[in-house]
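# Structure at a glance
Chain by chain, the residues:
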Amino acid sequence: MIYLDNGATSLHKPQEVHRAVANTLRYCANPGRGGHEAAMAASRQVFACREEASRLFRCPAERVVMTTNCTHGLNIAINSLIPPDSRVVISGFEHNAVTRPLHARRTKIRVAGRRLFDWEDMLESFEKALKSGVDAAVFTHVSNVFGYILPVEEMAALCRHYGVPFILDAAQSAGVLSVDMEALGAAFIAMPGHKGLLGPQGTGLLLCGHEPRPLLFGGTGSESLSQSMPSYLPDSLEAGTLNVPGIAGLAAGLRYVRSRGIDKIFQQEHRAMTRAAADLQALGFHPFVGEHQAATVSFMPETDCEQAAKMLAEQGIAVRAGLHCAPLAHESAGTLETGTVRISFGHDANPGQNAHLRRALAKIIPVKG
Ligand code: PLP
């Protein structure tokens, strides 16, 4: 199978990740719960993961919180920063992981920047919203549907200028683009461990610049006499037993990403995306392409999207069709009625994948016109 659904999760993890998960299952017990060797070994694994993340994202290690996925981190961040009924500005390309928690809090949402790949439009409407008075901003780094890279450095600078705290959703950028907590000055940055960071499913990270409010209450292995959660990070946000095998795998994924270099990974993925977009165009399809695009390209086939993805699957190509949990992004791009077929490359992108994809597209999908 040619796996081109890395926007959902990375499937082909480095061998080091497999080994770390297996070894941890064998040798590690519960971190922070006991002074015996197996508990200490678990604590070391978790600490190593925090240290790796701290280095890659320039965030103090104790402010790196282990979560179960990006959605979990976003929910903690929104719960901490955005009281019910607040006014919030978001981009026109947000995932349901952002919009649903905001709707659940009856937030007054203002959407800025609905034109695909258009930084000028984004910055102009984003600033207008900040000027009009909002309590917080939440925005994605990269659209999971279209691969659109938002101008997050500039948006962060605008937030700092207007004194508006913000949450960054780094679900599609962590591991492929620079995510610098110190430079951005975010209140929170949430990310999955299982996509570009190449860790197992069930892992995620939340970087905390702002003081957090716990979402879960329970045992932490610290301050057991108290009926309140510890007041300090990361304990205040890590109630219950952690996913230690997953975290050890994530640490191995982080090490792999750092040693290969995110720039190199990005270039390799971007080359493959550019080739795929050119092939789609040559075959008569209309892919969504533009400046500021990462490793994801969406297109609309002549047939129904789900049908097209099924036909590609029959040719051994795994892609994702539909709305990709991001109806707002589809509404912005005018594809809400139809959805799109999404091709998303990963760290293992190579010309062979492009060749297979080209053959499959040419063979099975009727060309428009
Ligand atoms: N935000 C974006 C932009 C995403 O693409 C995704 C997942 O696809 C999420 C948030 C949620 O990530 P997770 O599935 O790790 O909760």
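Refer to the structure printed above.
Overview of the structure. A quick note: this is a predicted structure, and the numbers were derived from the prediction, not measured.

The rules we used
- Numbers given to residues run from 1 along each chain, matching the order in which its sequence is written.
- With pLDDT at 70 or above as the cut-off, local features in this predicted model cover only qualifying residues; side-chain atom pairs require 80 or more to be listed or tallied, and sums for whole chains, interfaces and linings still use all residues.
- Hydrogens and waters are ignored; side-chain quantities use all the structure's heavy atoms.
- Think of it this way: any DSSP run of H or I at least four residues long counts as a helix, any run of E at least two long counts as a strand, and we number them from the N terminus.
- Only C-alpha atoms enter the radius of gyration; for comparison, a globular chain is expected to reach 2.2 Å times N to the power 0.38, where N is the number of residues.
- Accessibility here uses a 1.4 Å probe with only protein chains present; expressed as a share of the type maximum, an area under 20% marks a residue as buried, one over 50% as exposed, and anything in between as partly exposed.
- In what follows, residue pairs with any heavy atoms lying within 4.5 Å of each other are defined as contacts.
- Here, Shrake-Rupley sampling with a 1.4 Å probe gives the accessible areas, and only protein chains in the shown set may cover a residue.
- Counting rule for charge: Lys and Arg are taken as positive, Asp and Glu as negative, and neither His nor the chain ends is counted.
- In this description, the location of a charge corresponds to atom NZ of lysine, CZ of arginine, CG of aspartate or CD of glutamate.
- Here a strand pair is declared whenever DSSP counts at least two bridges between the two strands.
- Lines fitted to the C-alpha atoms define the axes, with helices restricted to the stretch that makes contact. Angles between their N-to-C directions range from 0 to 180 degrees.
- Only the six-membered ring of Trp is used, alongside the rings of Phe and Tyr, when aromatic pairs are assigned; centres must lie within 6.5 Å, and planes under 30 degrees apart are stacked while those over 60 apart are edge-to-face, with the rest tilted.
- Any residue with at least one heavy atom within 4 Å of a molecule or strand is counted as near it.
- Residues adjacent in sequence count toward polar contacts only when both atoms are side-chain atoms; beyond that, a polar contact is any pair of N or O atoms within 3.5 Å, and within protein one must be able to donate a hydrogen and the other to accept it.
- A clockwise turn of the near helix away from the far one marks a right-handed crossing, whereas an anticlockwise turn of less than a right angle marks a left-handed crossing.
- Under the scheme applied, nonpolar residues are Ala, Val, Leu, Ile, Met, Phe, Trp, Tyr, Cys and Pro; charged residues are Asp, Glu, Lys and Arg; polar residues are all the others, including Gly.
- Put simply, a salt bridge is a Lys or Arg side-chain nitrogen that is within 4 Å of an Asp or Glu carboxyl oxygen.

### A closer look at the overall build of the protein
Per the secondary structure count, the protein includes 12 helices and 13 strands. Compactness check: the protein gives a C-alpha radius of gyration of 21 Å against a globular reference of 21 Å for 369 residues, within 12% of the reference. Judged by the C-alpha coordinates and their principal axes, the protein covers about 70 × 55 × 30 Å. Considering the protein as a whole, with its 369 residues, one finds that 57% of them fall into the buried category. Excluding contacts between residues fewer than 6 apart, the proportion of contacts in the protein whose partners are at least 24 apart in sequence is 65%. If you sum the accessible surface of the protein, you get close to 15,300 Å²; carbon and sulfur atoms cover 53% of it. Once the 35 positive and 34 negative side-chain charges of the protein are each reduced to a mean point, those two points are 4 Å apart.

### Regarding the sheet that holds strand 3 (residues 87-91)
Ordered by their spatial adjacency, seven strands build an open sheet running 2-8-7-6-5-3-4, and the pairing between neighbours is mixed. The two strands at the open ends of the sheet, each matched to only one other strand, are strand 2 (64-67) and strand 4 (108-112). Within this sheet the neighbouring strands show an average axis-to-axis angle of 20°, counted without direction. Sheet topology note: the strand 7 (residues 188-192)/strand 8 (residues 204-208) ladder contains five bridges and is antiparallel. For methionine 191, the partnering residue across the bridge sits in strand 8 and is leucine 205. Each of strand 5 (136-140) and strand 6 (166-169) is contacted by helix 6 (residues 152-162), which is oriented at about 175° to strand 5, the strand it contacts most.

### Quick look at the packing of aromatic side chains
Tallied over the full model, the rule gives six aromatic pairs. One aromatic cluster is present, formed by Phe93, Phe117 and Tyr148 through successive ring pairs.

### Considering the site of the ligand
Looking at the ligand, there are 14 residues lining it, with Thr71, Asp169, Gln172, His194 and Lys195 nearest. With respect to the ligand, the side chain of threonine 71 contributes an N or O atom lying 2.5 Å from an oxygen atom. Within the complex, the protein chains bury 89% of what would otherwise be the 390 Å² of accessible surface of the ligand.

### Here's the deal with the packing of helix 3 (residues 70-81) against helix 4 (residues 96-104)
Relative placement of two packed helices is described by the angle separating their axes and the distance separating the axes. Contact geometry for helix 3 and helix 4: axes closest at 9 Å, N-to-C directions at 35°. When you trace helix 3 past helix 4, the crossing you get is right-handed. Together, Thr71, Leu74, Asn75 and Ile78 of helix 3 and Ala97, Val98, Pro101 and Leu102 of helix 4 make up the contact between the two elements. Counted by class, the contact of helix 3 with helix 4 contains six nonpolar, two polar and no charged residues.

### As for the side chain of serine 173
The topology assignment puts serine 173 in the loop between strand 6 and helix 7 (181-184). Dropping the residues within four chain positions of it, serine 173 is found in contact with His141, Val142 and Val179.

### Notes on the pattern of salt bridges
Here the structure, examined in full by the defined rule, presents 14 salt bridges. A salt bridge links glutamate 52 to arginine 258, with the nearest nitrogen and oxygen atoms 3.1 Å apart. Here glutamate 52 is found in helix 2 (residues 37-57), whereas its partner arginine 258 is found in helix 8 (residues 244-260), with 206 residues between them in sequence. Using a relative accessible area of 38% as the deciding quantity, one classes arginine 258 as partly exposed. The salt bridge partner of arginine 358 is aspartate 279, with a shortest N-O separation of 2.8 Å. Pair noted here: arginine 358 is in helix 12 (residues 351-364) and aspartate 279 is in helix 9 (residues 262-282), with a separation of 79 residues, a long-range link. We classify arginine 358 as partly exposed; its relative accessible area is 35%. A network of salt bridges, in which partner residues are shared, links Glu52, Arg55 and Arg258.

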